[in-house]
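# What the coordinates show
The chain contents come next:
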Amino acid sequence: MIELVIEERCTQCNQCVAACPTNVFDAVPGRAPVIARKQDCQTCYMCELYCPHDALFVASNCHGDEAVDREQVLESGLLGQLRRDHGWGEHAGDPRYTNQHWYMGEVFRRAREKA
């Protein structure tokens, strides 16, 4: 479930807002998006994958809140790990990241357009 939006990393691009299939976020002009409907999060990690600045943290518990220490998350190196491991964004084509999940971006875009 989505747990954190790290405001100092966020550039207000709102890619997370657009990528979320269950409309969990609300865009806020001039500020980082807010988690407005956390209970609707399906723990799909799409927001994390689409965030180009690694400003989001989705915990693995999809059934409810998880106690998350913001400072521990910042220090852990977990921010952006999913994008790296999946060869997403700037990691696409990097031979260190062999999962080609990033190719699904176009499929997800077309699915959102049809929805």
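As shown above, the structure is provided for reference.
Within each chain, residues carry numbers counting from 1 in the order of the written sequence. Two thresholds apply to this predicted model, a pLDDT of at least 70 for residue-level local features and 80 or more for giving and counting side-chain atom pairs, whereas whole-chain, interface and lining totals are computed over all residues. Remark: hydrogens and water are excluded; side-chain values derive from all non-hydrogen atoms of the structure.

## Some details on the overall build of the protein chain
For clarity, the cut-off: Put simply, DSSP marks the helices as runs of H or I at least four residues long and the strands as runs of E at least two long, and each gets a number from the N terminus on. Any pair of residues with heavy atoms lying within 4.5 Å of one another is described as a contacting pair. Note on areas: these come from Shrake-Rupley sampling with a 1.4 Å probe, and a residue is covered only by the protein chains present in the view.
Per the secondary structure count, the protein chain includes five helices and four strands. Counting from the amino terminus, helix and strand elements in the protein chain follow one another as β-α-β-β-α-β-α-α-α. When contacts within the protein chain are restricted to residue pairs at least 6 apart in sequence, those whose partners lie at least 24 apart make up 49%. Approximately 6700 Å² of the protein chain is accessible, and the part contributed by carbon and sulfur atoms is 50%.

## Some words on the environment of His-63
Mapped onto the secondary structure, His-63 falls in the loop between strand S4 (56–58) and helix H3 (70–76). Residues His-63 and Thr-43, spaced 20 residues apart in sequence, show a C-alpha to C-alpha distance of 8.9 Å.

## A short note on the layout of surface pockets
The line we're drawing: Any residue with an atom within 4 Å of a point lines the site, the site being either a cavity, points on a 1 Å grid over the protein atoms alone where a 1.4 Å probe fits but cannot get out, or a pocket, an open set with protein on both sides within 12 Å along at least 5 of 7 lines. Grid points are joined across faces, edges and corners, and a volume is the space filled by probe spheres set on the points. Under this grouping Gly is polar, as are all residues other than the nonpolar Ala, Val, Leu, Ile, Met, Phe, Trp, Tyr, Cys and Pro and the charged Asp, Glu, Lys and Arg.
Roughly 160 Å³ of volume is contained in the largest pocket. The wall of the largest pocket is formed by Tyr-45, Glu-48, Phe-57, Val-58, Ala-59, Ser-60, Glu-66, Leu-78, Gln-81 and Leu-82. Of all elements in the fold, only S4 and helix H4 (81–85) reach the threshold of two or more residues within the lining of the largest pocket. Class assignment for the residues of the lining of the largest pocket results in six nonpolar, two polar and two charged.

## Thoughts on unusual backbone geometry
This is how the line gets drawn: Burial here depends on accessible area, computed with a 1.4 Å probe over protein chains only, as a share of the maximum for the residue type. Under 20% is buried, over 50% is exposed, and the range in between is partly exposed.
Of note, the phi angle at Asn-14 is positive, near 60 degrees, even though the residue is not glycine. Its location among the elements puts Asn-14 in the loop between strand S1 (2–5) and helix H1 (15–19). Residue Asp-54 is not a glycine yet carries a positive backbone phi of 50 degrees. You can call Asp-54 buried: its relative accessible area is 14%.

## Looking at the nonpolar core
The criterion, for reference: Here, nonpolar core means buried Ala, Val, Leu, Ile, Met, Phe, Trp, Tyr and Cys residues that are tied together by side-chain atoms lying within 4.5 Å of each other.
Residues Ile-2, Val-24, Phe-25, Cys-47 and Leu-56 are the most contacted members of the largest nonpolar core, which totals 15 residues. Among the secondary structure elements, those contributing two or more residues to this core are S1 and S4. What Ile-2 contacts, discounting residues up to four positions off in sequence, is Val-24, Phe-25, Ile-35, Lys-38, Cys-41, Cys-47, Leu-56, Phe-57 and Val-58.

## Considering the side chain of Asp-54
Which entries qualify depends on this criterion: Residues adjacent in sequence count toward polar contacts only when both atoms are side-chain atoms; beyond that, a polar contact is any pair of N or O atoms within 3.5 Å, and within protein one must be able to donate a hydrogen and the other to accept it.
Its location among the elements puts Asp-54 in the loop between helix H2 (46–50) and S4. At a separation of 3.3 Å, a polar atom in the side chain of Asp-54 contacts the side chain of Arg-83. Apart from residues lying up to four places away in sequence, Asp-54 is in contact with Arg-9, Leu-79, Gly-80 and Arg-83.

Worth remembering: the numbers are spatial, not functional.
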